[in-house]
Amino acid sequence: MKILIITLGTRGDVQPYVALGKGLKSAGHEVTLCTCAAFEPFITEHGLSYAYMNDEIIQMIQSSTGSEIMEDADNFWGMFKVYLRLIKQVAPMQRKIMAESWRAAQESNPDLILFHVKGLGAPHFAEKLGVPSMMAFYLPIYTPTGAFPAAGFPNWNLGAWYNRLTYWLILKVTALACNKYIKPWRKENGLPPLSRKVDTVHTNAGERIPIAYGYSEHVTPRPADLPDDVKVTGFWFLDRLDDWQPPDELVRFLDTGEPPVYVGFGSISGRKPQRTAEIVIEALQRANVRGIIATGWGGLDASQLPETIFKIEQAPHDWLFPRMAAVVHHGGVGTTSAGLRAGRPTVVCPFFGDQPYWGSRVHALGVGCKPIPQKKLTPENLAAAIREVTTNSDIRKNAAALGEKIRAENGVKSAVKFIEGRMREGQKM
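Predicted model only: the values in this text are computed from it and were never measured.

K.L.:
I'd like a description of the overall build of the protein chain, backed by residues and values.
P.N.:
Of the regular secondary structure elements, the protein chain holds 15 helices and 12 strands. Intrachain contacts of the protein chain at a sequence separation of at least 6 include 62% that bridge at least 24 residues. Within the structure as shown, the protein chain displays about 19,200 Å² of accessible surface, and the carbon and sulfur contribution to it stands at 50%.

This is the structure in structure tokens:
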């Protein structure tokens, strides 16, 4: 089976799909991943085929203006306001993405299209090609349930009606953002006009689109009212390549003292990256712990660091995190899941998007402290958080127990089984 995966965004929006693609390839399928060109080497080194998409969206997100705007998108309404602020700038980018991902669909000629919700137009490409589509996503946000509100909304105790309303709002806003690009594309490609039945999780004919959710039921339990064509698979982990070796300096640092605390905020540097670096260094010293800082903040010179803090460019989380006392990060799904699988206490300092949600789950599960938004980060509150997660025995026990449960799962294998099963059922119809 030939499978096209379409995704878009920062590394956190790409890495889970590389993991899923590798699982599908190992099961005998031919996989092409369409995403921003910056990730082509990352995709091909893991043995997957690459299809082109431009880098303009990433460049905007990682710009100083993008960092400033994205820090305000820490809940649903914040994300909606960011969308309104960026609509004129993003519109031409979205049209190019639509054209490029459609070209990828035509050239790869897939039997199935898997898509991240930002893979604009994927179900409509599938309709035009006469093949099925499935959503593959890592956040409980598009399948209505009465059990809890959609990620990004307050967890108010107002009952099932409120919880379901939050998903309805997500679907409506997503349609508002996407349909103005999809509508002309359908007309240009000879498809019927958009119907009232269509949204992110329904085809133009009103049929439900199957969804594989790449997170663990031990972190966000599967609600009883989800339909059978929605699967919570477990996290999609991408482990290190077999030929990776840690630098000698890093090994020596780890061997010469107590386990350190990892601090890394991904590919988003924030409004004042140098100030962020200063906050982290001071917080680690105030907490009286050793630290490993992953780069990402401009202006940080390794020669400025005390002997108790070591700077790295990068290291595979599945190797590094089990050697840590705790992990401090931005709360992206990949970093969060890696820390939880390692059984390490967690401090989440979110910027935007799904990050506040994972921070809230970490706190609710008792495996970390209350999240600290990046715009409220200080040496004092970060030091207090680090002290809490490294000294609180309940947090440490809870984190270790959750790690055992997550390590017993195989989210990629479960997702592959679900995808293959849905395809077999479709062929019987």
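K.L.:
Before we move on, can you summarise the sheet that holds strand S3 (residues 49–51) with the specific residues and values?
P.N.:
Here 7 strands make up an open sheet; going across it, the order is S3-S2-S1-S4-S5-S6-S7 and the pairing parallel. Looking along the sheet, the strands with just one partner apiece sit at the ends: S3 and strand S7 (230–232). Averaged over all neighbouring strand pairs, the angle between strand axes comes to 20 degrees, with direction disregarded. As defined by bridge partners, strand S6 (residues 211–213) adjoins S7 across 3 bridges and the pair is classed as parallel. From the neighbouring strand, Tyr213 faces S7, where its bridge partner is Val232. Against the sheet, helix H1 (residues 15–26) touches strand S1 (2–6), strand S2 (30–34), strand S4 (112–115) and strand S5 (133–137), its axis set at about 165 degrees to S2. Against the sheet, helix H6 (residues 122–129) contacts S1, S4 and S5, and its axis sits at roughly 175 degrees relative to S4.

K.L.:
Can you explain the sheet that holds strand S11 (residues 326–329)? Please cite residues and give values.
P.N.:
Each strand in a sheet pairs with its neighbour through backbone hydrogen bonds, running either in the same direction (parallel) or in the opposite one (antiparallel). The strand order across the open sheet built from 5 strands is S10-S9-S8-S11-S12, with neighbouring strands paired in parallel fashion. In this open sheet, the two edge strands, each paired with only one partner strand, are strand S10 (309–312) and strand S12 (346–348). Adjacent strand axes in the sheet meet at a mean angle of 15 degrees, parallel and antiparallel pairs treated alike. Bridging between S11 and S12 involves 3 bridges; their strand directions are parallel. Bridge pairing in S12 places Val327 opposite Thr346.

K.L.:
If you had to explain the nonpolar core to someone new, which residues and values would you point to?
P.N.:
Considering soluble globular proteins, one finds that nonpolar side chains tend to be buried as a cluster. By size, the foremost hydrophobic cluster in this structure holds 93 residues, and its most contacted members are Leu20, Leu24, Leu114, Phe137, Tyr142 and Trp236. Sequence-distant contacts of Leu24, that is, excluding residues within four places in its chain, are made with Ile3, Ile5, His29, Val31, Leu114, Val416 and Ile419. Counting 28 residues, the second largest nonpolar core, distinct from the first, contains Leu284, Ala326, Val347 and Ile395.

K.L.:
Hey, could you go over helix H12 (residues 355–364) for me, with residue numbers and the actual values?
P.N.:
Every α-helix carries 3.6 residues per turn, so stepping three or four residues along brings you back to the same face. Most of H12 is tucked away, with 7 of its 10 residues classed as buried. Gln355, Pro356, Tyr357, Trp358, Gly359, Arg361 and Val362 are the residues of H12 that are buried. Where H12 is buried, its residues contact helix H11 (333–341) and S12. After H12 finishes, the residue Gly366 shows a positive phi value of roughly 75 degrees.

K.L.:
Give a detailed account of the environment of Glu40, specifying residues and quantitative values.
P.N.:
Looking at where Glu40 falls in the secondary structure, it is placed in helix H2 (residues 40–45). A sequence separation of 12 residues divides Glu40 from Tyr52, and the C-alpha atoms of the two residues are 8.2 Å apart.

K.L.:
Before we move on, can you summarise the pairing of S4 with the specific residues and values?
P.N.:
Neither face of S4 is left uncovered, since the one carrying Leu112 and Leu114 and the one carrying Ile113 and Phe115 both have all their residues buried. Looking at chain direction, S1 and S4 are connected through 4 bridges and run parallel. Within the sheet, the bridge partner assigned to Ile6 lies in S4 and is Phe115. Each parallel crossover has a hand, and for S4 linked through H6 to S5 it is right-handed.

K.L.:
A description of the pairing of S1 should follow, citing residues and the corresponding values.
P.N.:
In terms of burial, S1 is largely enclosed, as 4 of its 5 residues are buried. In the sheet, S1 pairs with S2 via 5 bridges, with the strands oriented parallel. The residue bridging Ile5 from the neighbouring strand is Leu33, located in S2. What joins S1 to S2 is H1, and the crossover it makes is right-handed.

K.L.:
Can you break down the packing of aromatic side chains residue by residue, with the values?
P.N.:
Taken as a whole and assessed by the stated rule, the structure comprises 17 aromatic pairs. The interplanar angle of 35 degrees and the centroid separation of 5.4 Å between the aromatic rings of Trp102 and Phe125 together place this pair among those described as tilted. With Trp102 in helix H5 (residues 76–108) and Phe125 in helix H6, this pair connects stretches of sequence that are 23 residues apart. Residue classification places Trp102 among the buried residues on the basis of a relative accessible area of 9%. Counting every residue linked through ring pairs, the aromatic cluster contains Tyr213, Tyr215, Phe235, Phe237, Tyr357 and Trp358.

K.L.:
Describe in detail the side chain of Thr7, supporting the description with residues and values.
P.N.:
Inspection of the secondary structure puts Thr7 in the loop between S1 and H1. Setting aside anything within four residues of it in sequence, one finds Thr7 in contact with Asp13, Val14, Tyr17, Leu33, Cys34, Thr35, Met53 and His116.

K.L.:
Residues and numbers for unusual backbone geometry, please.
P.N.:
Phi is positive for Asn109, close to 50 degrees, though the residue is something other than glycine. Inspection of the secondary structure assignment puts Asn109 in the loop between H5 and S4.

K.L.:
Outline the environment of Gly47, supporting the account with residue identities and numerical values.
P.N.:
Position of Gly47 among the secondary structure elements: in the loop between H2 and S3. For the pair formed by Gly47 and Lys22, sequence separation is 25 residues and the distance between their alpha carbons is 7.4 Å.

K.L.:
Go over a positive patch on the surface, please, and point to the residues and values.
P.N.:
Where like charges cluster on the molecular surface, the positive patch consists of Lys231, Lys413, Lys417 and Arg424. Of note, Lys413 is situated in helix H15 (residues 411–428).

K.L.:
So what's going on with the pattern of salt bridges? Residues and values would help.
P.N.:
On inspection of all chains with the given rule, the structure shows 11 salt bridges. A salt bridge links Arg164 to Asp225, with the shortest nitrogen-to-oxygen separation between them at 2.9 Å. Here Arg164 is found in helix H7 (residues 160–188), whereas its partner Asp225 is found in the loop between S6 and S7, with 61 residues between them in sequence. Residue Glu278 pairs with Arg275 through a salt bridge whose shortest N-O separation is 3.6 Å. Of this pair, Glu278 and Arg275 both sit in helix H9 (residues 273–286), 3 residues apart, roughly one helical turn.

The rules we used
Residues numbered from 1 in each chain as written. Predicted model: local features only at pLDDT ≥ 70, side-chain atom pairs only at ≥ 80, totals over all residues. Heavy atoms only, no water. Helix = DSSP H or I, 4+ residues; strand = E, 2+ residues; numbered from the N terminus. Contact = heavy atoms within 4.5 Å. Areas by Shrake-Rupley, 256 points an atom, 1.4 Å probe, with all protein chains shown as cover. Pairing = 2+ DSSP bridges. Axes fitted to C-alpha atoms, helices over the stretch in contact; angles between N-to-C directions. Core = buried A, V, L, I, M, F, W, Y, C linked by side-chain atoms within 4.5 Å. Buried < 20%, exposed > 50% of the residue type's maximum accessible area, 1.4 Å probe, protein only. Right-handed = clockwise from strand over helix to strand, strands pointing away. Phe/Tyr/Trp six-rings, centres within 6.5 Å; stacked < 30°, edge-to-face > 60°. Patch = residues over 30% accessible without salt bridge, like charges linked within 9 Å, V, L, I, M, F, W, Y side chains within 5 Å. Salt bridge = Lys/Arg side-chain N within 4 Å of Asp/Glu carboxyl O. Lys, Arg positive; Asp, Glu negative; His and termini not counted. Charge placed at Lys NZ, Arg CZ, Asp CG, Glu CD.

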